[in-house]
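Breakdown of the fold
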Amino acid sequence: MRDSCRRTSPAVAHSLGLAVLLSVLAGSLLPAQESGAAGPQRATIVGTVHDTERNAPIAGALVTVEGTRLGALSDSAGAFRLRDVPAGPQVLHVRRIGYAPVRTPLVIPVSGVVRRDIVMAQAALRLAGVIVTADPVGRARGELGTASVIDREAIAAQIAPSIGALLELVPGTPLSVPGLEGVQQASLRAAPNATGAGDLAAFGTLIVLDGVPLSNNANLQTTGPRGEQSVGSSAGGGVDLRRIPATVVERLEVIRGIPSSRYGDLTQGTIVIDTRTGAIPPELLVRYDPFTVEASVVGGTELGRADAPGNIVTSAAHALSGALDVARTRVQPGLLDDDVLRVAADMAHRWTTGRGDQTGADGRFALDSRLRFFQLHQNSPERPEVVPGRASSNRDNGMRLTERLRWLGSGGLRVELTASIDRQRQRSTRQALLFRPAMPFTDRLIEGRAFGRFIEGLYLGRFALSGDPWLVYSRLEGEIAGDRVGLTHRVRAGAELRREWTGGPGYEFAVEFPPQSTFNGINGFDRPRRFDAVPAVATSALYVDDQMLRTFASGASLSAQLGLRIDALHEGTSWLAAPRSAVVQPRLNVQLAPWPRLRFRGGAGRTAKLPSLLHLSPAPQYFDLVNVNWYPPNPAERLAVLTTFIRNPTNASLGYSIGRKLEAGLELDLGTSGATMSVVGFSDVIAGAVGFRPETDFILREHYQLSDSTIGTGRPPTIVEPPSSIDTVPILIDRPANNQRLASRGIEWSATLPEIPGVRIRVQVQGAWIVTRLSNGDVDFGPATLFTEFQGDSTVDRIPYWLGLESRGERALMTTRVVHHQPALGLIVTATVQNVMLEESRELGAVDTLAFAGYVTRTGALVPVAPERRSDAEFADLRRTRAGVLVAPRPAPADWLLSLQVAKTLPGNGRLSFYAFNALNRVGKYARGTGLLPRLYPEVRFGLEVTLSLASLGW
Amino acid sequence: MIGPLHAERWLLGLALLAAPFRDACAQWLDDESPRASSYPWLWEWGALRPIADLGRRLPSPPPLPSMLDAPQPPLGLALTAGNPAGLADDIVDDRMDLGFGIGRVSGGYRRPLEPDERRTDRYALEGFRRMGVRSGVIGRVALDRIALRGRTFAVAPEPHSSSPFIMTDTSAPRVNRPTVTLEGAQGIALGDWRLGVALGYQALELRSYRSSRVRAVRTASSGASAGIVRRVHALGGIDAGVQVRRLARADAIGVLAFPFTVRLYELEGYGEVPPRDVADPPVYRRRIARDAWAYGASLGGEISGARWVAVAERESLREEQSSAQEDNPPTDKWFTAGASFGAGAQRRFGRVMATARARWATHRGTAQRMDLEGVIFRAQDSRFSSIADLRWLPHGSPWDAAATLSLSRDGRTARDALSGLRSDVRAWSPGAGLEVTRTLTPRLAAGAGYAATAYLPRSRIPATSAFGPVGRSLVAPELEMAATRALAQRMALTMRWNHRSNRAVILRVEHGALEATGKRSDVTGLGDGKRSLWVGTLRIVSGP
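Bear in mind that the values here come from a model prediction, so they are computed numbers and not experimental data.

Scoring rules and cut-offs
- Residues numbered from 1 in each chain as written.
- Chains lettered and ligands numbered in written order.
- Predicted model: local features only at pLDDT ≥ 70, side-chain atom pairs only at ≥ 80, totals over all residues.
- Heavy atoms only, no water.
- Helix = DSSP H or I, 4+ residues; strand = E, 2+ residues; numbered from the N terminus.
- Buried < 20%, exposed > 50% of the residue type's maximum accessible area, 1.4 Å probe, protein only.
- Contact = heavy atoms within 4.5 Å.
- Areas by Shrake-Rupley, 256 points an atom, 1.4 Å probe, with all protein chains shown as cover.
- Core = buried A, V, L, I, M, F, W, Y, C linked by side-chain atoms within 4.5 Å.
- Buried area = accessible area lost by both parts, 1.4 Å probe.
- Salt bridge = Lys/Arg side-chain N within 4 Å of Asp/Glu carboxyl O.
- Polar contact = N/O pair within 3.5 Å; in protein donor to acceptor, adjacent residues only side chain to side chain.
- Nonpolar A, V, L, I, M, F, W, Y, C, P; charged D, E, K, R; others polar.
- Pairing = 2+ DSSP bridges.
- Axes fitted to C-alpha atoms, helices over the stretch in contact; angles between N-to-C directions.
- pLDDT = per-residue confidence, 0-100.
- Patch = residues over 30% accessible without salt bridge, like charges linked within 9 Å, V, L, I, M, F, W, Y side chains within 5 Å.
- Phe/Tyr/Trp six-rings, centres within 6.5 Å; stacked < 30°, edge-to-face > 60°.
- Lys NZ or Arg CZ within 6 Å of the ring centre and 35° of its normal.
- Lys, Arg positive; Asp, Glu negative; His and termini not counted.
- Charge placed at Lys NZ, Arg CZ, Asp CG, Glu CD.
- Arc of directions from axis to C-beta.

**Thoughts on the overall build of chain B**
For chain B, the helix and strand inventory stands at 5 helices and 21 strands. Looking at chain B as a whole, 58% of its 544 residues are labelled buried. Excluding contacts between residues fewer than 6 apart, the proportion of contacts in chain B whose partners are at least 24 apart in sequence is 71%. Here chain B displays about 20600 Å² of accessible surface, and carbon together with sulfur accounts for 59% of that area.

Here it is as structure tokens:
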């Protein structure tokens, strides 16, 4: 299945995609334009917008229905009317400069008029129904799959130095210490286990920032699988979320279920981030805790806007906004001088012109320009009195320019062209004092035999990784809405082009002082290499997506989203080249609502993820075989001869990882009380995930006689040609392969209870039970030393190997948020209790002495042994315990954690927030039985955050 | 209790609530926690008040009346007796107080576990508000950035609590100690019933600053109290209530000694303790968990034109300390139990408003060591404190004046069973203060005040030679100070500028000093000279 997907021929892929595209367009769009009749019944929303404190009508408030282009401005009496609102659950979004935006969920009947009066306040905390958690039954715009929607107000209520902490609002995500220390990645629907399933899940999580994907594919800031020292980079994993401060985010959509075909290059989940733009009242935020200090300024203005009668924008308008965020976290202050410094700046400009639609938000043409900069510097300077020699740094800088041109045509037609260029500059260094014994040494960078030297002793091993990843991205997308045979269609089709490459000096170090003391040898270590020699990757994609809605007179409704996407990885570095791998990805989401407040949902889909440049162009492996090792006491008489072999581990057949996603669930919406309940079961499987496969091979080693081995001559001997003997040395090549399988299944649940009126307390519960298995069928040689010793001991003819290893992680996590709200005081107290009900990690693999699958010879040949013959006497040397596999489960005891937040309005529309992670300073529980791991919590982390409206201060 | 007849008194009284900020920032010389205050009644509503722990305090002068920002101490079941249900009546208006202050304590007359110098920056927001006709709320949040410089032997943030288990670190690094305090309470009136809840939380991070010996302490304290009050008309409108409080605290202490060795002493009373050298493994951890309960009854009413309040509480405290990271670890334990009684009255005599308060508390404590049977240390602490506040508020005169008179008695007897040493320190502290203010312009007023207390101890303490080397340097000097006569003084200058009718900016500078007046011994480590305090605060007050 995997191979068939990867190796889909370009012609087939193109023709299939084209056929599907045309058929869907033909089946949906054209009749819709022809008939334009028999549309579904729709309702009207009417209401007024009032000021909560003065009880005065608010004119000019923009009322929109989320996920649609329906909208209206309130008149001088505060009244508004929205016609043709689709039935089912919808969200009203009301905005007005100087007021906190209001987001009100409501259920729209099939027909008739719904009245909903909106109350706005200058400070959100004074709103009666303020939402400070994610909307668990919300929908990402244009999406039907399961999602958590975190809007601006919930973001403001969350103590989050970066968007990583916002993900705590997603079911199944553990609470984290609010700071910038350590790489932060998004790992949706995956339980942690011992072998890095989290990294794989993070790598497969798509992050879309302002309509353009962020990519970590060209991040080569790693020393690879043989490296002994690491740098603080997320290379091989997902995008480091620390680069995006939460203060600049307007809305976060976490699509955990099946995303529409619009989204590609993913296998796990999708996070859609919209940053703040437009007319934003200027705002200053300062956060202080003993470890982290953050300051942020955000603001925007609108120029030249005019509203014509009928609330239709007719004149050209400009909106300019900007944001600057500076944050610093000290890591282990007192002991170390380590810190993380982040600077992020955004500049956005929107130009609109022409006659717009009902929302009044846009003209016929809209051009969004965004320039974004970030720097994330992690410094660990040397403290000689603590650890002499040790120091490291990781400095990421990035600049991205995005242009989005949108045209709104008649009949609901929308065409959007997006273009973006993203450039990063990544610089990592690390140094440490290393000691090596006397050993033959060569610094050859090409294959061949050479005289070496003997070097030994303590030295400062340091290296630098310097990469300059680039991403050029463009997308052309069209969307049209229409009705056909009782179904409302919204059809979206588009094409994507993407090119990624990297440059920079690359992996640099002085070969004589390498970053690992066992540098020369038969283990195949890396030599310095320039990253700009790594070829670029060009991909293209086509997609089409149809979101359909049918409502019935009984109030029931049926929604479906059907899409198809084709991704192609091109040969070479150009989109004009033929694809070397292509994947067809059908996706389907269905929602049946027999009653507007009850919805059954399900979906299935296929996704694909491009291998990273790290895997597409792996570093060559250098094997240095010692031919002569003559080491008398007198250095002048010593002789070392080494032969260097270079093996290229590139895998030409490496292709896309395939994700197969399946989910089903139900949602219950209990009406205006805001109470909701949802349960969803899911199965996510990534087949052919990319990892390194240990591939056996051999190289020939020549042994030479010495012309004169007399000690005391004062000069080294010479070797006698030809070699006296030749033997073979088995080697392992780390070849990237689609060899991993990551499977997660589980249940997510959430419930929001109605507010208890007397005490103004609302309780929200969410959680997830997830089991994740990471497995492969590759050979395994047990403990690392077994193969190394086999390489060096020519008297050993064979050693056993084993097949297959599975790592399993399981976690059941429930988070309860108790929110006490006093609008009159502008006070919100949120107590978050997180229960880890179950957490376990184990590795699964046969470990008995008959579990070996075969043996490897000195020529690297793998010889399988049938199970029934493994007990034969001739295989007695192979019968040993498979060490290095931890088979015992490692559960940690169930435990809980409390975090606390208190937010209070300040004069001038400000807000003061206090927060405490692990508020009770619980140390965690110790295991009561053997084999259990203690659960140790980070100690209490607390701080204050102040948000001030600069507008109210006269700015 | 709600209405125009009481409005003036409560307006005056609630204005005093601005004082917690100023006074907590000032913190008398030995106060280690921002919750400590020489205006105890201003913290009675808070859920973070210490329970069953009188601590070992230095002499302090009576509080100045602070007429420009806190003209009259209030009386009420919440603000005096600590029953949060009383807030339904005690809060009659809205007020917001935003302030910034800096403070510095330094000088040689110090106990061994005090740092040479303590600097404090404080940012605080406090306020209260009447909510409708039935409810009143009060709350505050404060950030204290404290820097301890010089010798900081004490590892835990409050080494002068009643517990004899005190961890000390001879490497004495410089320490930074940010602290955030959050408290709030609400009282609701339901007919003749009053219900109230108070919650408090405090988190503290203590971390060595640029030192190769790392000391890291994190502390979280959480408190809650609840109360019920019923107005008994049959007894002339007396308010009778019951209240319960709980205060829990968890300290996580870590000392990292890499690459250098750190020598610790875990004091446990008066006996000599062996050193604990932290080197291999280089990490030493200790957990301290405290759990304290108090429950009691309160009464309030009026008689002959005077408002009065009385309260009685039963208190208990359990402290456990452990260094083992395992389930049910062996612990050192400290228990205290006791009671406290308080009363207050307030009456106007023409142009003079008189307020009097008194409180008496007594606690008995016993300490047990994890590896020994029986009690290793016993202590009995008691404190009686009283204060009278007289304010002269003439009509038509730019001058106002107020005086305070105070009298307190502290007693602490302690017996160390392992060393056989015992101490008995009893001290009377009479004090007086005077403050005068003058309205300079319709918007500008200024005030000056002075207060002093004489510390007059009678004591029986062990001879210095009875202590071992550790006790001589870390324990005996404190006993010597407790047994030495001293004089504590404070003076303050205040400027108030009324920006609008309900907004004011207040600038205040305060200086305090403590010095010995009696005969000094030659105990090694006993501080000499005097210890002084400088505090400057700037506040913006919105409200009456």
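**Thoughts on the nonpolar core**
Most often, soluble globular proteins have nonpolar side chains that are buried together. Counting residues in each nonpolar core, the largest one holds 30 residues, and the members touching the most others are Leu267, Tyr270, Trp334, Phe377, Phe467 and Leu474 of chain B. Mapped onto this core, the elements with two or more residues apiece are β4 (165-169), β9 (262-268), β11 (283-303), β15 (377-392), α4 (469-474) and α5 (476-482) of chain B. With sequence-adjacent residues up to four places away left out, Leu474 of chain B is seen in contact with Pro112, Leu113, Phe153, Thr168 and Leu267 of chain B. Listed in part, the 29 residues of the second largest apolar core include Ile163, Leu241, Leu252 and Val254 of chain A.

**Considering the interface of chain A and chain B**
Interface size is commonly expressed as the accessible surface area that is lost when the partners come together. Contacts between the two partners involve 37 residues from chain A and, on the opposite side, 40 residues from chain B. Carbon and sulfur atoms make up 64% of the area that chain A and chain B hide from each other, which totals about 3200 Å². Of all residues in chain A, the largest losses of buried area upon contact with chain B belong to Tyr926, Glu939 and Phe942 of chain A, amounting jointly to 18% of the total for that side. On the surface where chain A and chain B come into contact, there are 1 salt bridge. Between chain A and chain B we count 8 residue pairs in polar contact (both at pLDDT 80 or more) in total. Top element by residues in the side of chain A that touches chain B is strand β41 (residues 895-906) of chain A. It accounts for 4 residues. By residue class, the composition of the side of chain A that touches chain B is 24 nonpolar, 4 polar and 9 charged.

**Description of the sheet that holds strand β13 (residues 269-275) of chain A**
All names here are of chain A. Spatially, the 5 strands line up as an open sheet ordered β9-β12-β13-β10-β11, and their pairing is mixed. Both outer strands of the open sheet, β9 (147-151) and β11 (212-214), are each paired with one neighbouring strand and no more. This sheet shows a mean twist of 20 degrees between the axes of neighbouring strands, independent of strand direction. Pairing between strand β10 (residues 205-209) and β11: 3 bridges, direction antiparallel. Paired with Val208 across the strands is Pro213, a residue of β11.

**Remarks on the sheet that holds β9 of chain B**
All names here are of chain B. Pairing within the open sheet is antiparallel, and its 3 strands lie in the order β4-β9-β10. The sheet terminates laterally at β4 and β10 (276-278), the two strands that pair on one side only. The sheet shows a mean angle of 25 degrees between the axes of neighbouring strands, direction not considered. Examined bridge by bridge, β9 and β10 share 3 bridges and lie antiparallel to one another. Residue pairing across strands places Leu264 opposite Arg276, the latter belonging to β10.

**Thoughts on the confidence of the model for chain B**
Residues and elements named next belong to chain B. With 89% of its residues at a pLDDT of 70 or more, chain B shows a mean pLDDT of 85. Segment residues 1-27 is flagged for pLDDT under 50; beyond a separation of four residues in sequence, or across chains, it makes 106 contacts in the model. Of the regions scoring below 50 in pLDDT, residues 32-39 engages in 40 contacts with residues more than four places distant in sequence or in other chains. Per the prediction output, this complex has pTM 0.85; the corresponding ipTM is 0.81.

**Focus: the side chain of Arg508 of chain B**
Residue and element names in this part refer to chain B. Note on placement: Arg508 falls in strand β20 (residues 503-516). Given a relative accessible area of 3%, Arg508 falls into the buried group. Looking at Arg508, its side chain comes within polar contact range of the side chain of Thr494, at 3.0 Å.

**Points about a nonpolar patch on the surface**
Residues and elements named next belong to chain A. Where nonpolar side chains cluster on the molecular surface, the patch consists of Phe552, Leu558, Leu562, Leu588, Val590, Leu592 and Phe600 and spans about 530 Å² of accessible area. Elements with a minimum of two residues in the nonpolar patch: β28 (557-570) and β29 (579-595). Sorting elements by how many residues they give to the nonpolar patch places β29 first, with 3 residues. Tracing the chain through its elements places Leu592 in strand β29.

**Focus: the packing of aromatic side chains**
Two measures describe an aromatic ring pair: the distance that separates the ring centres and the angle between the ring planes. Going through the model one piece at a time under the given rule, you end up with 14 aromatic pairs over all chains. Summarising the aromatic geometry, the rings of Trp334 of chain B and Phe377 of chain B are spaced 6.5 Å apart at their centres and angled 50 degrees between planes, so their arrangement reads as tilted. Of this pair, Trp334 of chain B sits in strand β13 (residues 332-349) while Phe377 of chain B is found in strand β15, placing the two residues 43 residues apart along the sequence. Here Trp334 of chain B and Phe377 of chain B have matching classes, each one buried. Each residue in the set Tyr270, Trp334, Phe377 and Phe467 of chain B is aromatic and connected to the rest through ring pairs, giving one cluster. The cationic tip of Arg499 of chain A hangs over the ring face of Trp501 of chain A; the distance from NZ or CZ to the ring centre is 5.0 Å. One cation-aromatic arrangement involves Arg798 of chain A over Tyr855 of chain A; the distance from NZ or CZ to the ring centre is 4.6 Å.

**Re a positive patch on the surface**
Residues and elements named next belong to chain B. A contiguous patch of positive charge, built from Arg378, Arg415, Arg422 and Arg460, is present on the exposed surface. For Arg415, the position within the fold is in strand β16 (residues 399-416). Note on Arg415: relative accessible area 45%, which makes it partly exposed.

**Details of the pattern of salt bridges**
With the rule as written, the count across this model stands at 99 salt bridges over all chains. When the shortest N-O distance is used, the salt bridge between Asp116 of chain B and Arg110 of chain B registers 3.3 Å. Relative accessible area serves as the criterion here: at 24%, Asp116 of chain B is assigned to the partly exposed category. In this structure, the salt-bridge partner of Arg207 of chain B is Glu205 of chain B, at a minimum N-O distance of 2.9 Å. Overall, the relative accessible area of 12% leaves Arg207 of chain B in the buried class. Classification of Glu205 of chain B as buried rests on a relative accessible area of 2%. Here the residues in one salt-bridge network are Arg262, Arg404, Arg414, Glu416, Arg475, Glu477, Glu479 and Arg490 of chain A, joined through shared partners.

**Quick notes on the environment of Ala824 of chain A**
Residue and element names in this part refer to chain A. Structurally, Ala824 is set in the loop between β37 (798-822) and β38 (827-844). Note on Ala824: relative accessible area 39%, which makes it partly exposed. Distance in space between the C-alpha atoms of Ala824 and Gly524 is 69 Å, their sequence separation being 300 residues.

**Examining the environment of Ala687 of chain A**
Residue and element names in this part refer to chain A. Mapped onto the fold, Ala687 is located in strand β34 (residues 676-706). Classification of Ala687 as buried rests on a relative accessible area of 11%. Measuring from C-alpha to C-alpha, the distance between Ala687 and Ala419 comes to 31 Å, with 268 residues separating the pair along the chain.

**Structural notes on unusual backbone geometry**
Following Glu721 of chain A, the chain continues to Pro722 of chain A via a peptide bond in cis, the omega torsion being -10 degrees. With a phi close to 50 degrees, Asn918 of chain A is a non-glycine residue in the positive phi region. Here Asn918 of chain A shows up in the loop between β42 (910-917) and β43 (941-949). Phi is positive for Ala172 of chain B, which is not a glycine, with a value near 45 degrees. Take Ala172 of chain B: its relative accessible area is 15%, and that puts it in the buried class.

**Side note on the environment of Leu376 of chain A**
Residues and elements named next belong to chain A. Along the chain, Leu376 falls in strand β20 (residues 365-380). Taking the C-alpha atoms as reference points, Leu376 and Val340, separated by 36 residues in sequence, lie 7.1 Å from one another. With near-sequence residues (within four places) excluded, Leu376 lies in contact with Asp240, Arg242, Arg243, Val340, Leu341, Arg342, Asn394, Arg395 and Asp396.

**Topic: helix α7 (residues 784-792) of chain A**
Every α-helical turn comprises 3.6 residues, leaving residues that sit three or four positions apart pointing alike. Residue and element names in this part refer to chain A. Every buried residue belonging to α7 is among Leu786, Phe787, Phe790 and Gln791, and all of these are buried. Relative to the axis of α7, the buried residues are bounded by an arc of 130 degrees and lie together on one face. Exposed positions of α7 whose direction lies more than 90 degrees from the buried face are Ala784, Glu789 and Gly792.

**Things to note about the pairing of strand β8 (residues 238-257) of chain B**
Residue and element names in this part refer to chain B. With 15 of 20 residues buried, β8 lies mostly within the body of the structure. When strand β7 (residues 213-232) meets β8, the two strands line up antiparallel, connected through 20 bridges. Bridge pairing links Gly223 to Leu247 in β8. Taking the residues that link successive antiparallel strands as the turn, the β7-β8 hairpin has 5 residues, and the phi of Gly236 there is positive, at about 80 degrees. Where β8 and β11 come together, 18 bridges link them in antiparallel fashion. Considered in β11, the bridge of Asp239 is made with Gly300.

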